[in-house]
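A structural walkthrough
Chain by chain, the residues:
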Amino acid sequence: MLTLYNDRHALHHGQREMFRGEMVPCFEIPARADFVLAELKRRGLGAIETPAAFDDAVIARVHAPRYLDFLRGAWDEWVALDPANAQRDAFPSYWPIRTFRSDVLPASFPARMGLFSYDAGSPLTSGTWAAAYAGAGCAIVAAQRVLAGERAAFALTRPPGHHAGADFFGGYCFLNNAAIAAQTLRDAGAARVAVLDIDYHHGNGTQAIFYERADVLVTSLHGDPHTEYPYYLGYADEQGAGAGKGFNRNLPLPRGTGFEAWRAALTDALAGIAAFRPDALVVSLGLDTFAGDPIAGFTLQSDDYLRIGEDLARAGLPTVFVFEGGYAVAEVGVNAVNVLEGFAEGAG
Ligand code: 6XA
Ligand code: ZN
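In short, a report on the structure. Nothing here was measured: the structure is a model prediction, and the numbers come from that model. (Residues numbered from 1 in each chain as written. Chains lettered and ligands numbered in written order. Predicted model: local features only at pLDDT ≥ 70, side-chain atom pairs only at ≥ 80, totals over all residues. Heavy atoms only, no water.)

Brief notes about the packing of aromatic side chains
- Under the definition given, this model contains 18 aromatic pairs.
- Where Y118 meets F168, the ring centres are 5.6 Å apart and the plane angle is 90°; that geometry is what we call edge-to-face. Of this pair, Y118 sits in the loop between α4 (109–115) and α5 (128–147) while F168 sits in the loop between β5 (152–156) and α6 (177–187); the two residues are 50 residues apart in sequence, bridging distant segments of the chain.
- Judged by its relative accessible area of 26%, Y118 is partly exposed.
- Taken together, the ring pairs in this structure connect Y67, F70, W78, F109 and F116 into an aromatic cluster. (Phe/Tyr/Trp six-rings, centres within 6.5 Å; stacked < 30°, edge-to-face > 60°. Helix = DSSP H or I, 4+ residues; strand = E, 2+ residues; numbered from the N terminus. Buried < 20%, exposed > 50% of the residue type's maximum accessible area, 1.4 Å probe, protein only.)

A few points about the pairing of strand β9 (residues 280–285)
- Across the six residues of β9, six count as buried, placing the element largely inside the fold.
- Here β9 shows two buried faces, one formed by A280, V282 and S284 and the other by L281, V283 and L285.
- Bridge analysis of strand β6 (residues 193–197) against β9 gives five bridges, and the strand direction is parallel. Within β9, the residue paired with V193 across the bridge is A280.
- Note that β9 and strand β10 (residues 319–323) share five bridges and pair parallel. Bridge pairing in β10 links V282 to V320.
- One crossover worth recording links β9 to the parallel β10 by way of helix α9 (residues 304–314), and it is right-handed. (Pairing = 2+ DSSP bridges. Right-handed = clockwise from strand over helix to strand, strands pointing away.)

Examining the coordination of the zinc ion (ligand 2)
- Coordination of the zinc ion (ligand 2) by the protein is provided by D199 (OD), H201 (ND1) and D288 (OD), with metal-donor distances spanning 2.0 to 2.1 Å.
- Taken together, the six donor atoms surrounding the zinc ion (ligand 2) define angles of 29 to 158° at the centre, an arrangement classified as irregular.
- Read in sequence order, the donor residues coordinating the zinc ion (ligand 2) give the pattern D-x1-H-x86-D. Linking H201 in the loop between β6 and α7 (204–210) with D288 in the loop between β9 and α9, this pair joins segments that are 87 residues apart in sequence. D288 matches H201 in its accessibility class, with the two residues each being buried. (Donors = N, O, S within 2.8 Å, 3.2 Å for Na, K, Ca; no water. Tetrahedral: all angles 85-135°; square planar, octahedral: opposite > 155°, others 65-115°.)

What to know about the site of ligand 1
- As a structural note, the neighbourhood of ligand 1 is formed by E17, H162, H163, G171, Y172, D199, H201, Y229, D288 and Y327.
- At a separation of 2.6 Å, a nitrogen atom of ligand 1 approaches a polar side-chain atom of H163.
- Contact distances for ligand 1 include 2.7 Å between an oxygen atom and a side-chain N or O atom of D199.
- If you map ligand 1 onto the pockets, it falls in the largest pocket.
- Of the residues assigned to the shell around ligand 1, the class counts are three nonpolar, four polar and three charged. (Near = heavy atom within 4 Å. Polar contact = N/O pair within 3.5 Å; in protein donor to acceptor, adjacent residues only side chain to side chain. 1 Å grid on protein atoms, 1.4 Å probe; cavity = no way out; pocket = protein on both sides within 12 Å on 5 of 7 lines; lining within 4 Å. Sits in = over half its atoms within 2 Å of the grid points. Nonpolar A, V, L, I, M, F, W, Y, C, P; charged D, E, K, R; others polar.)

Points about the layout of surface pockets
- There is about 1,400 Å³ of room inside the largest pocket.
- Contributions of two or more residues to the lining of the largest pocket are made by β2 (16–19), α4 and α7.
- In terms of residue count, the dominant contributor to the lining of the largest pocket is β2 (three residues).
- Looking at the lining of the largest pocket, its residues break down into 25 nonpolar, 13 polar and eleven charged. (Points joined across faces, edges and corners; volume = space filled by probe spheres on them.)

Digging into empty space enclosed by the protein
- Throughout the structure, instances matching the rule amount to two cavities of 30 Å³ or more.
- Approximately 50 Å³ is the volume attributed to the largest cavity.
- Lining the largest cavity are H12, G14, E17, C26, E28, G121, S122, P123, Y172 and F174.
- Estimated volume of the second largest cavity: approximately 30 Å³.
- If you trace the second largest cavity, you find it lined by N6, H9, A131, A134, G135, C138, L156, T157 and R158.

Here's the deal with the packing of α9 against helix α10 (residues 329–347)
- With their axes 6 Å apart at the nearest point, α9 and α10 run at an angle of 40° to one another. As judged from the angle between their axes, α9 and α10 are oblique. Judged by the twist between their axes, the crossing of α9 over α10 is right-handed. Note on element contacts: α10 touches α9 through N335, N338, V339, E341, G342, F343, G346 and A347, opposite Y305, L306, G309, E310, L312 and A313.
- Taken together, the residues that form the contact of α9 with α10 break down as seven nonpolar, five polar and two charged. (Axes fitted to C-alpha atoms, helices over the stretch in contact; angles between N-to-C directions. Parallel < 35°, antiparallel > 145°, perpendicular 65-115°, else oblique. Left-handed = near helix turned anticlockwise from the far one by under 90°. Contact = heavy atoms within 4.5 Å.)

Below is the structure:
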């Protein structure tokens with residue numbers, strides 16, 4: 001399988017994140033992608049290419065211009081507040097929760113930091129924009145290559161993307177790579193695109209971006225938001241709105257769910273996707289469903305990921321895989337590549 005990769009991902013390197021009242025070392029680290037890359041090479045799973053140049057117009061079709069302006073300049077504004085900030089990652093401190101205005105763009109950088117985010121767990125670093133932009137490029141080119149005839153392609157990107165909304169970051173995500181891949185497919189002629197999110201966490205950003213659209217079906221399997229991040233979205237009764245009514249599907253599962261029940265939900269998800277008759281599939285490939293994941297609660301084993309790949313291949317669709325979460329760093333390479341290999345073998 002073709003992989004699109006850019007080593008600029010490593011420019012995003014958060015030091016610490018807020019976790020239950022203390023600053024702890026970041027879980028979302030460059031080594032995650034390094035392990036996946038090394039495993040791809042070790043198993044010789046196909047060509048690994050770095051997009052040279054790409055048309056970035058689709059990014060502004062997914063994300064709001066004022067958010068993109070903010071992200072591009074955020075690090076310089078952070079350092080302009082205090083030169084000592086060059087040594088510290090940027091975090092929001094204030095958020096415009098209910099009753100506050102979000103239509104006004106405050107001049108204050110810390111105020112805009114909160115306007116464009118929803119948690120304190122997502123450090124913004126000197127290289128965040130460069131890494132996220134290069135990652136979006138991998139997603140765009142992966143989608144283009146699939147349209148050009150590849151059966152599947154893998155965008156090996158970080159930071160991840162599925163929590164990022166049209167105008168906010170959070171959950172380690174800044175640009176929504178899966179949404180960007182789906183929009184690329186749509187713009188190039190795919191009439192209907194399905195996004196299937198199999199990360200442990202609900203892809204609230206992807207859901208929100210497509211919530212009122214009937215051309216992109218978003219289906220997500222994830223830990224029940226009653227107890228699991230991102231808590232405030234991802235419930236089964238969220239089925240889309242307006243023209244998008246019926247085109248969003250959430251399958252929350254209790255913490256502790258093992259592969260048998262998880263796979264039954266995947267079968268259910270794939271049946272819904274087949275009924276939608278999409279022209280292409282985007283898979284938000286999170287590996288934090290693994291039993292050994294430090295911040296999640298399902299109990300999948302490494303071999304299970306081969307079966308997942310085989311199940312996905314049976315959908316018979318041109319498929320773009322986009323890397324999302326997965327923090328058992330030593331195993332994330334094997335688990336990710338197991339999905340891709342299972343898919344490649346299943347696709348025959
Ligand atoms: C809160 C947990 C963020 C979850 C990130 C993730 N700091 N999302 O893996 O898929
Ligand atoms: Zn996750």
